[in-house]
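Per-entry structural report
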Amino acid sequence: MKKVLFILPSLKAGGAERVISFVAQNIDKKSFEPTLLVLGFEKDKVYETSNVETVYLSKTRLLNSLILILKYIIKYKPDIVVSSVIHVNLFTGFLAFFFKKIKFIAREASVISLMNNYNSNILLKNTKLIKAAYCNFSAIICQSKDMHDDMHKTYQIPLSKLKVINNPITFDFPVKIESNEENRELKFITIGRLSKEKGHSRILKNLSKLDYSYSYTMIGSGPLEEELKQLVLDLNLENKVTFISYTNKVYEALKESDIFLQGSYVEGFPNAVLESCVVGVPVIAYDAPGGTKDIILNNINGFLAKSDNHFLSILNKPESVLNLKSIGISQHVKEKFNKTLILTKFQTVFNS
């Protein structure tokens, strides 16, 4: 039986936290002995971990956890160490150089070379540093083909180490009931951090050019909140746009919506887009680097726009999007991202 140590910065709401805690809990216990090492505090957790041994270091920063992580690895003697989130990956990547008998695996959550255009952390812009750390991993799990290609082309990681495993669907949202009401106000929605790379401003500019009745709900908070609220005023959209900083009722918000809009310039693996499709809400998104194109298939569960004009042209013909059937939208992603399939892929990597 292989001992697997999963390392996370916290169990706060987030894609890495959701996926890694899911894998740690549901991995085959006949083949693996999992432990989840969390750098943060138990009081912050939003994901259930009752089915896996969980250790909290109760530290606010990775820097304050380095010695404790090292001591735990020496004490626990894992066969495999799995980390996620780039700053943790950098540390475990360098640790791998000193623990030759342990297989270190990283899960990469973004197209690093492009995402770092929107990141102020100087360390994360250092190509040589990232290459030096990531080359020590036995395997790197990429959430999308774009991440896989970025790792190989930008950081010269051997193809033999790179594995593409998408995020699984770990929630069970019912499919929405389609509305037959004609000439009604369309309801658009976006869920995501209000930051530059998410492209909310270009969504708003496109919406300002529409001549039919609609409302737009933006769920999320972030550094661009005030700037985006001012843009709404500048575009005279204050009667159409609603800001919601946070909700724990994502399903309720999605099922009341007609179309999910994504304006991102670069993405990780957008869980909100996946959630939207599970509910049966079609998506209009920019064809940006990252995982969106792994989820959205044109005329099946939404549309990918190549430019601002293309995005606007799709918005101007909403019937082509609304004609997509909720059951079909949901079924497409459930077949491709079901948790049993994704979990098997993780276990295959661990066994190799």
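Quick summary incoming for the structure in this document.

To continue, consider the environment of Ala109. Along the chain, Ala109 falls in the loop between β5 (103–108) and α4 (112–115). The spacing of Ala109 and Val85 is 24 residues in sequence and 6.7 Å in space, taken between C-alpha atoms. Those residues in contact with Ala109 that lie beyond four places of it in its chain are Gln143, Met147, Gly268 and Phe269.

A few words now on the pairing of strand β10 (residues 241–244). Of the strand pairs in this sheet, strand β9 (residues 214–219) and β10 are connected by four bridges, and their pairing is parallel. Counterpart to Met218 in the pairing with β10 is Phe243. Since β9 and β10 lie parallel, the crossover through helix α8 (residues 225–234) that links them has a hand, and here it is right-handed.

Attention now moves to the sheet that holds strand β1 (residues 2–8). Each strand in a sheet pairs with another by means of backbone hydrogen bonds, the pair being arranged parallel or else antiparallel. If you walk across this open sheet you meet the seven strands as β3-β2-β1-β4-β5-β6-β7, and the pairing is parallel. Each edge of the sheet is formed by a strand with only one pairing partner; in this case those strands are β3 (53–56) and β7 (162–164). Neighbour-to-neighbour, the strand axes of this sheet turn through a mean angle of 20°, independent of strand direction.

Our next topic: the side chain of Arg18. Note on placement: Arg18 falls in helix α1 (residues 15–26). A distance of 2.5 Å separates the side chain of Arg18 from the side chain of Asn271, its partner in a polar contact. In this structure Arg18 touches Tyr47, Asn167, Pro168, Thr170, Phe171 and Asn271, once residues within four positions along its chain are discounted.

With that out of the way, let us pick up the side chain of Ser84. With respect to the helices and strands, Ser84 occurs in strand β4 (residues 80–84). Within polar-contact distance, the side chain of Ser84 engages the side chain of Arg107 at 2.9 Å.

It is worth spelling out helix α2 (residues 66–76) at this point. Looking only at α2, the buried set comprises Ile69, Tyr72, Ile73 and Tyr76. Buried positions in α2, seen along its axis, are confined to an arc of 100° and lie on one side of it. For α2, exposure combined with an orientation more than 90 degrees from the buried face picks out Ile67, Lys71 and Lys75.

Another point: the environment of Asn301. Tracing the sequence through the fold places Asn301 in the loop between α11 (292–295) and β13 (302–305). Residue classification places Asn301 among the buried positions, given a relative accessible area of 0%. Remark: the alpha-carbon pair of Asn301 and Ala288, spanning 13 residues in sequence, is separated by 17 Å. With sequence-adjacent residues up to four places away left out, Asn301 is seen in contact with Cys277, Pro282, Val283, Ile295, Ile296, Leu324, Ile329, His332 and Val333. Among the polar contacts made by the side chain of Asn301, one reaches the main-chain carbonyl oxygen of Ile295 at a distance of 2.9 Å.

A word on the packing of aromatic side chains. Overall, the coordinates contain 13 aromatic pairs when judged by the stated rule. Three or more aromatic residues joined by ring pairs make a cluster, and in this case those are Phe6, Phe32, Phe346 and Phe350. Lying across the ring of Tyr286, Arg202 places its NZ or CZ 3.5 Å from the centre.

Turning our eyes to something else, we now look at the nonpolar core. One finds Phe188 and Leu261 to be the most contacted residues of the largest nonpolar core, which totals 55 residues. Counting residues per element, this core draws most heavily on helix α10 (residues 271–279), at six residues. Every residue in contact with Leu261, bar those within four places of it in the chain, is listed here: Phe188, Ile189, Thr190, Ile203, Leu207, Tyr216, Ile284, Phe311 and Leu315. Counting 38 residues, the second largest nonpolar core, distinct from the first, contains Ala96, Phe104, Ile112 and Phe137.

Attention now moves to the sheet that holds β13. The six strands lie next to each other as β10-β9-β8-β11-β12-β13, forming an open sheet whose pairing is parallel. Both edges of this open sheet fall to β10 and β13, since each of them pairs with a single strand only. Within this sheet the neighbouring strands show an average axis-to-axis angle of 20°, counted without direction. Of the pairings in the sheet, the one linking strand β11 (residues 259–262) to strand β12 (residues 283–286) comprises three bridges and is parallel in character. Within the sheet, the bridge partner assigned to Phe260 lies in β12 and is Val283.

Another aspect to go through is the pairing of β5. The buried fraction of β5 amounts to five of the six residues, a majority that puts the element mostly inside the structure. Alignment of β4 against β5, held across five bridges, turns out to be parallel. From the neighbouring strand, Ser83 faces β5, where its bridge partner is Ala106. Running through helix α3 (residues 86–96), the crossover from β4 to the neighbouring parallel element β5 is right-handed. Where β5 lies against strand β6 (residues 139–142), four bridges are found, and the strand directions are parallel. Residue pairing for β6: Ala106 is matched across the bridge by Ile140.

Calculation notes
Residues numbered from 1 in each chain as written. Predicted model: local features only at pLDDT ≥ 70, side-chain atom pairs only at ≥ 80, totals over all residues. Heavy atoms only, no water. Helix = DSSP H or I, 4+ residues; strand = E, 2+ residues; numbered from the N terminus. Contact = heavy atoms within 4.5 Å. Pairing = 2+ DSSP bridges. Right-handed = clockwise from strand over helix to strand, strands pointing away. Axes fitted to C-alpha atoms, helices over the stretch in contact; angles between N-to-C directions. Polar contact = N/O pair within 3.5 Å; in protein donor to acceptor, adjacent residues only side chain to side chain. Buried < 20%, exposed > 50% of the residue type's maximum accessible area, 1.4 Å probe, protein only. Arc of directions from axis to C-beta. Phe/Tyr/Trp six-rings, centres within 6.5 Å; stacked < 30°, edge-to-face > 60°. Lys NZ or Arg CZ within 6 Å of the ring centre and 35° of its normal. Core = buried A, V, L, I, M, F, W, Y, C linked by side-chain atoms within 4.5 Å.

Bear in mind that shape data such as this cannot, by itself, settle questions of function.
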